[in-house]
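Structure assessment
Below, each chain spelled out in residue letters.
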Amino acid sequence: MAECNDRVIGKILAGWRYDISGLAPEMRGDYEAHLRDCPYCHSRQHLHRGIDIGLMALASASMTVFLLAYGVIRYFQPHHAFWLEIGALGGFLLSMVLWLLVAIATPAPLVVKDAAMTGARMGLDKLPEEIRQRIPEELRVKISGQS
Ligand SMILES: [Zn+2]
């Protein structure tokens, strides 16, 4: 657990923040095998995805708080209400920009999408055959496919 069992692959993976979702499937093989077999890189990958999702959750919470603050200021109309409103809206916008940056720069949305796909796949498997046949071919292949 303390060290990577293949320094070369481990370094490459670390450079990508342990995200191989951008690679073509045929190029992923070695990296996937390493992530599976190396407990160090495996836990690092989990940590990084946890951080990404945590950041998005934090930005979402922050957006909510600023929006709430804006509502409270509007409702109670305290002194300097205008500047407080500007501050609350500014905080909201900043949180939104942060959320977008995390969503664009990290594979967090892919992790969420993968989880959704896995759920959809399991649901599809449970459907009776006749209903499954009615789902458009294109959609079925997309859900049951690799990506
Ligand atoms: Zn490793």
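See the structure printed just above.
Residues numbered from 1 in each chain as written. Predicted model: local features only at pLDDT ≥ 70, side-chain atom pairs only at ≥ 80, totals over all residues. Heavy atoms only, no water.

Quick word on the packing of helix H2 (residues 25–37) against helix H3 (residues 39–76)
Note the cut-off: To get an axis, a line is fitted to the C-alpha atoms, and for a helix only the part in contact is used. The angle between two axes follows their N-to-C directions and goes from 0 to 180 degrees. Put simply, DSSP H or I for four residues or longer makes a helix, DSSP E for two residues or longer makes a strand, and each gets a number counted from the N terminus. Orientation is classified from the angle alone, with under 35 degrees giving roughly parallel, over 145 giving roughly antiparallel, 65 to 115 giving roughly perpendicular, and any other angle giving oblique. Contacts are assigned to residue pairs with any non-hydrogen atoms lying within 4.5 Å of each other. Each residue gets one label: Ala, Val, Leu, Ile, Met, Phe, Trp, Tyr, Cys and Pro are nonpolar, Asp, Glu, Lys and Arg are charged, and the others, such as Gly, are polar.
Where H2 meets H3, the closest approach of the two axes is 5 Å, and the angle between their N-to-C directions is 95°. The angle between the axes of H2 and H3 places the two elements in the roughly perpendicular class. Each of His34, Leu35 and Asp37 in H2 lies in contact with H3, whose residues at this interface are Pro39, Cys41, His42 and Gln45. Of the residues contributing to the contact of H2 with H3, the split by class is 3 nonpolar, 3 polar and 1 charged.

Points about the coordination of the zinc ion
Definition in use: Here the term donor refers to an N, O or S atom within 2.8 Å of the metal (or 3.2 Å for Na, K and Ca), and because water is left out of the atoms, sites may appear incomplete. Note on geometry labels: four donors, all angles 85 to 135 degrees, give tetrahedral; four donors become square planar and six octahedral when opposite donors are over 155 degrees apart and every other angle is between 65 and 115; remaining cases are irregular. Under the scheme applied here, a residue whose accessible area is under 20% of the maximum for its type counts as buried, over 50% as exposed, and between as partly exposed, the area being computed with a 1.4 Å probe on protein chains only.
For the zinc ion, the full set of protein donor atoms is Cys4 (SG), His34 (NE2), Cys38 (SG) and Cys41 (SG), at a range of 2.0 to 2.4 Å. Each of the 4 donor atoms bound to the zinc ion contributes to angles spanning 100 to 117°, and the resulting shape is tetrahedral. Spacing between the donor residues of the zinc ion along their common chain follows C-x29-H-x3-C-x2-C. Among the residues examined, cysteine 38 registers a relative accessible area of 0% and is labelled buried. When its relative accessible area of 0% is taken as the criterion, cysteine 41 is described as buried.

A short note on the side chain of arginine 49
Applied cut-off: Under this definition, polar contacts are N or O atom pairs within 3.5 Å; protein pairs additionally need one hydrogen-donor-capable and one acceptor-capable atom, and for neighbouring residues in sequence, both atoms have to be side-chain atoms.
Checked against the element boundaries, arginine 49 lands in helix H3. For arginine 49, the side chain forms a polar contact with the side chain of aspartate 52, separated by 3.1 Å. Setting aside residues up to four positions removed in sequence, arginine 49 forms contacts with Arg17, Tyr18, Asp19, Pro107 and Val111.

Quick notes on the environment of leucine 55
Locating leucine 55 in the fold gives a position in helix H3. Sequence separation of leucine 55 and tryptophan 99 is 44 residues, and the distance between their C-alpha atoms is 7.6 Å.

Some remarks on the pattern of salt bridges
Note the threshold: Any carboxyl oxygen of Asp or Glu within 4 Å of a side-chain nitrogen of Lys or Arg constitutes a salt bridge here.
Enumeration over the complete set of coordinates arrives at 6 salt bridges. With its nearest N and O atoms 3.1 Å apart, the salt bridge here joins aspartate 52 to arginine 49. Placement of the pair is aspartate 52 and arginine 49 together in helix H3, with a separation of 3 residues, close to one helical turn. In this structure, aspartate 52 and arginine 49 share a single accessibility class: buried. Of the charged contacts in the structure, one is a salt bridge between glutamate 85 and arginine 74, with a shortest N-O distance of 3.6 Å.

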